[in-house]
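# Examining the three-dimensional arrangement
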Amino acid sequence: MRVASMTFVVLPALLLSVLSSGCSAPTLEAANPRTVAPQLVPLRGQPYLQFKVRDDLGREVLAYVSEPAPGGKALPLAVYVQGSGCGSQFAREGERWVPRNGHMGLLEASEGRFRVLIVEKPGVHPGDDPKTPEESAGRQEFRLEHTLERWTEALLGAVRAAGTLPGIDRSRLLVVG
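These numbers were taken from a predicted model, which means no experiment stands behind them. (Residues numbered from 1 in each chain as written. Predicted model: local features only at pLDDT ≥ 70, side-chain atom pairs only at ≥ 80, totals over all residues. Heavy atoms only, no water.)

Bringing the nonpolar core into the picture now. With 21 residues, the main nonpolar core has Phe 51, Val 65, Leu 117 and Val 119 as its most contacted residues. For this core, the secondary structure elements donating two or more residues are strand S2 (48-54), strand S3 (60-66), strand S4 (75-80), strand S7 (115-119), helix H6 (148-162) and strand S8 (168-176). With seven residues, H6 is the largest single contributor of residues to this core. Among all residues touching Val 65, those that are not within four sequence positions of it are Leu 40, Pro 47, Tyr 48, Leu 49, Phe 51, Leu 77, Arg 115, Val 116, Leu 117 and Leu 165. The next biggest cluster of nonpolar side chains, apart from the first, holds 13 residues, and it includes Phe 90, Trp 97, Leu 106 and Leu 107. (Core = buried A, V, L, I, M, F, W, Y, C linked by side-chain atoms within 4.5 Å. Buried < 20%, exposed > 50% of the residue type's maximum accessible area, 1.4 Å probe, protein only. Helix = DSSP H or I, 4+ residues; strand = E, 2+ residues; numbered from the N terminus. Contact = heavy atoms within 4.5 Å.)

In structure tokens form, the structure reads like this:
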């Protein structure tokens, strides 16, 4: 419980301190020249577009951003940082992807005022949905990768990549978790 509460206090503070340090989008892009607009893939049956990005640790990070506003209006980004655990943001039920971890509540609350960004934890594969105590321990890759510092790097990589997308207002960022 103590670790979880530290994550909710420290992680948003780290993200906000890095991202709201007065850097404009060109400065952010210049500091990270390999950050280019990612290729977006619609997630069938869900209001999200999936993309992959390399974080500063060289890992491939899988993330999802909610669909753009009608008319292409630029909206701020809200990053949803899920709690503990090794479950994917989406579980598979037959041929359908089903949302997990509470991000749909944030998307519904947005009422078109912001776009939602969700990120898979490194070591979690799409569709991971632990049901037994053994599965709840996570894959070996997850157990090695899931530290505060490494999770923060994955989130920052996804936020930087999402900031290059059209329809994102880079002047504001909300971190929820």
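A word on the pattern of salt bridges. Side chains that carry opposite charge are capable of pairing whenever their charged atoms lie near each other. Using the criterion set out here, one finds six salt bridges in the structure. Of the charged contacts in the structure, one is a salt bridge between Lys 52 and Glu 60, with a shortest N-O distance of 4.0 Å. Arg 59 is the salt-bridge partner of Glu 145, the closest N and O atoms lying 2.6 Å from each other. Of this pair, Glu 145 sits in helix H5 (residues 140-145) while Arg 59 sits in the loop between S2 and S3, placing them 86 residues apart in sequence. Of the two residues, Glu 145 and Arg 59, neither departs from the other in class, the shared state being buried. If you follow the salt bridges from partner to partner, you end up with Asp 55, Arg 59, Glu 145 and Arg 150 in one network. (Salt bridge = Lys/Arg side-chain N within 4 Å of Asp/Glu carboxyl O.)

The next thing to look at is the environment of Arg 54. The residue Arg 54 is located in strand S2 in this model. For the pair Arg 54 and Ala 154, spaced 100 residues apart in the sequence, the C-alpha separation amounts to 8.3 Å. Here Gly 58 takes part through its backbone oxygen, which lies 2.9 Å from a polar atom of the side chain of Arg 54. (Polar contact = N/O pair within 3.5 Å; in protein donor to acceptor, adjacent residues only side chain to side chain.)

All right, on to the pairing of S2 then. Across the seven residues that make up S2, a large majority, five, are buried. Linking two consecutive strands that pair antiparallel, namely strand S1 (residues 41-42) and S2, is a turn of five residues; a positive phi of about 80° is found at Gly 45 within it. The hairpin formed by S2 and S3 contains five residues between the paired strands, and Gly 58 there has a positive phi angle of roughly 85°. (Pairing = 2+ DSSP bridges.)

Here we come to the sheet that holds S2. Across a sheet, paired strands are connected by hydrogen bonds in the backbone, their directions being either parallel or antiparallel. An order of S1-S2-S3-S7-S4-S8 is seen for the six strands of this open sheet, with the pairing classed as mixed. The open sheet is flanked by S1 and S8, the only strands paired with a single partner. In the sheet, S4 pairs with S7 via four bridges, with the strands oriented parallel. Paired with Leu 77 across the strands is Arg 115, a residue of S7. Sheet contacts for H6: S2, S3, S4, S7 and S8; angle to S7, the most-contacted strand, approximately 145°. (Axes fitted to C-alpha atoms, helices over the stretch in contact; angles between N-to-C directions.)

Let us look at the environment of Gly 157. With respect to the helices and strands, the residue Gly 157 is situated in helix H6. Given the relative accessible area of 7%, Gly 157 is considered buried. For Gly 157 and Glu 60, which are 97 residues apart along the polypeptide, the C-alpha to C-alpha distance reads 9.5 Å.

Our next topic: H6. Taking 1.5 Å of rise per residue, 15 residues should cover 21 Å, and H6 covers 21 Å from first to last C-alpha, within 8% of that figure. Burial of H6 is extensive: eleven of the 15 residues sit out of reach of the surface. Among the residues of H6, Trp 151, Thr 152, Ala 154, Leu 155, Leu 156, Gly 157, Ala 158, Val 159, Arg 160, Ala 161 and Ala 162 are the ones counted as buried. (Expected span 1.5 Å × (residues − 1).)

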